[in-house]
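So the chains spell out like this:
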Amino acid sequence: MDRACFNVIDRSACLSNLQSECEKKGQQTSMSILNAAVKATMDEVQRAIDLVTKFTALSTDRREQIAIHDCRELLDYSMDELGMSMAQMEKIRSGAHDPHQKGNLNAWLSAALSNQDTCLEGFEGTNGYVKRSIQGGLKQVTQLVSNVLAMFKSIHSLPVRPPKNTTIRRGTQYPEWVSADEREQVEASPQAMHVDAVVALDGSGRYRSIMEAIYNAPSHSTKRYVIYVKKGEYKENVELKKKKSYIMLVGDGMEKTIITGSRNFLQGWTTFRTATFAVSGMGFIARDITFRNTAGPMNRQAVALRVDSDRSAFFRCSMEGYQDTLYAHSLRQFYRECNVYGTIDFIFGNGAAVLQSCKIFTRDPLPYQKTTITAQGRKDPNQGTGFSIQNSFVYASHPTYLGRPWKQYSRTVFMHTYLNEQIMPQGWLQWYGNFALNTLYYGEYNNYGPGAAVQGRVTWPGYHVIRDASQASIFTVARFIDGQSWLPATGVSFTAGLTK
């Protein structure tokens, strides 16, 4: 029990709560202690929600009000993710066997650990009073989740068998629970598939706006709900909440179906809320669509796509912006044959994301800015998060760095990827001083092109030239995002292991 209450503000109260929970269960196995630790953490999250809620009616500053709203939503995310984790632990304790239990728990606990940071980051540009008032409670939540994640990792530190080097094409492999109708659905063209709702600017569909179609989609669904968005430029900010699960958004092509907005930090929005399209509902799929933020480089953070959706997939999509284009905020994500455009940290967040067969383009930043592709935000060594860019292409238009460490344990790898001549010889950029250089994990494996030479790369302790295929395989679809358990059902092509 000591480990579950390590480094928390009120350790004696934490131990007392754990003891009480274990007594209710009538046993003190490692799994029951872990379960009790999650329950105690959820109680702390609820106290943090109550504290944040008290400020809702007190603040008069617009940015602060948005940040408070973000905090409530993010703490709700943590509550959901801890609740799913506890339910999964109960299945394990009851003897139910699922080979993907470990992956699910690691993903959900990793997400629950980071939401509090996002909450506090939203108060940038305010007087800081609310932030100072709530940060103690949020720190307590973060520490408790960190302890739970460390306990879980020590209990379940089993080796994983490396995946075979196989490419799975659409329609060739499905889990047993995917019905024949669903198999046909994911393979069909928009004109041939069963569509539940049609959005069209010209009035030829049931809806003229995407947000209206999503609002009227079923909540808490376990079946795929398909929304076909006809060609056109949709000027709207779309938020797909947690309750809107298993939605598939199908466009007419990334150059034809475009969702565009211009929210940005300088308008008073938090980075979290600048997204043109934000998706939190589990199991989301998008294909043949562009997500765009037109705020430009002078308006600082301006997100085109934010993803908090577990087991989400994006196929033939384009994410277009400048600073902070693609916010891979949390949970497991997959991108295939997508385009990403930006200037600074334009693939960022703390999700577990694999980009495969994608094209990455840099745009001209402001004169004093340095172009960096990634800013990954892993904050704890036990989090299963990071970015894996595999079999892709980097087309930089001017001197560019592969990434810089946003948080202490930032993790990003490039594998079998083309790097053009504009990639800086040192490859990677510091955030400030020596921050995170010993604890980050940056890796390159068998990249090619004029910018792929590793002889002049940084010499930080956390930088690795990966030469062993078994080490590189850790960052593949099968192992990094447990993709073989859920990607076949999406209909999106993917490579499970390494490619030559």
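Refer to the preceding data block for the structure.
Predicted model, so just to flag it, every value in this text is computed and none were measured. (Residues numbered from 1 in each chain as written. Predicted model: local features only at pLDDT ≥ 70, side-chain atom pairs only at ≥ 80, totals over all residues. Heavy atoms only, no water.)

### A word on the sheet that holds strand β11 (residues 305–307)
So, step 1. What the 7 strands build is an open sheet, ordered β5-β8-β11-β14-β17-β20-β23; its pairing is parallel. What marks the edges here is a single partner per strand, and that holds for β5 (238–240) and β23 (400–403).
So, step 2. As judged from the 3 bridges shared by strand β20 (residues 371–376) and β23, these two strands associate in the parallel manner. The residue of β23 that forms the bridge with threonine 371 is threonine 400. (Pairing = 2+ DSSP bridges. Helix = DSSP H or I, 4+ residues; strand = E, 2+ residues; numbered from the N terminus.)

### Structural notes on the packing of helix α4 (residues 101–121) against helix α5 (residues 129–155)
So, step 1. Two numbers describe how α4 lies on α5: the axes approach to 9 Å, and their chain directions differ by 165°. Here α4 is positioned roughly antiparallel relative to α5, judged by the angle of their axes. Once α4 is placed against α5, the crossing between them reads as left-handed. The residues of α5 that touch α4, namely those facing Lys102, Leu105, Asn106, Leu109, Ser110, Ala112, Leu113, Gln116, Cys119 and Leu120, are Lys131, Ile134, Gln135, Leu138, Val141, Thr142, Val145, Ser146, Val148, Leu149, Phe152 and Lys153.
So, step 2. Here the contact of α4 with α5 is built from residues that sort into 13 nonpolar, 6 polar and 3 charged. (Axes fitted to C-alpha atoms, helices over the stretch in contact; angles between N-to-C directions. Parallel < 35°, antiparallel > 145°, perpendicular 65-115°, else oblique. Left-handed = near helix turned anticlockwise from the far one by under 90°. Contact = heavy atoms within 4.5 Å. Nonpolar A, V, L, I, M, F, W, Y, C, P; charged D, E, K, R; others polar.)

### Some points on unusual backbone geometry
So, step 1. Residue asparagine 391 is not a glycine yet carries a positive backbone phi of 55°.
So, step 2. Relative to the elements of secondary structure, asparagine 391 occurs in the loop between β21 (386–390) and β22 (393–395).
So, step 3. Residue asparagine 391 is classed as partly exposed on the basis of its relative accessible area of 25%.
So, step 4. At alanine 436, a position not held by glycine, the phi torsion is positive, near 70°.
So, step 5. Mapped onto the fold, alanine 436 is located in the loop between β25 (418–419) and β26 (441–445).
So, step 6. The exposure class assigned to alanine 436 is buried, which follows from its relative accessible area of 3%. (Buried < 20%, exposed > 50% of the residue type's maximum accessible area, 1.4 Å probe, protein only.)

### Quick look at the nonpolar core
So, step 1. Formed by 55 residues in total, the largest nonpolar core has its most connected members in Ile227, Phe291, Phe314 and Tyr335.
So, step 2. In contact with isoleucine 227, not counting residues within four places along its chain, are Ala197, Val199, Ala213, Ile214, Ile247, Met248, Leu249 and Val250.
So, step 3. With 45 residues, the next largest nonpolar core counts Ile49, Met89, Leu149 and Phe152 among its residues. (Core = buried A, V, L, I, M, F, W, Y, C linked by side-chain atoms within 4.5 Å.)

### Looking at the side chain of arginine 273
So, step 1. With respect to the secondary-structure elements, arginine 273 resides in the loop between β7 (257–261) and β8 (277–279).
So, step 2. Polar side-chain contacts of arginine 273 include one of 3.3 Å to the side chain of glutamate 73.
So, step 3. Excluding residues that lie within four positions of it along the chain, arginine 273 makes contacts with Ile66, His69, Asp70, Glu73, Glu239, Lys241 and Arg263. (Polar contact = N/O pair within 3.5 Å; in protein donor to acceptor, adjacent residues only side chain to side chain.)

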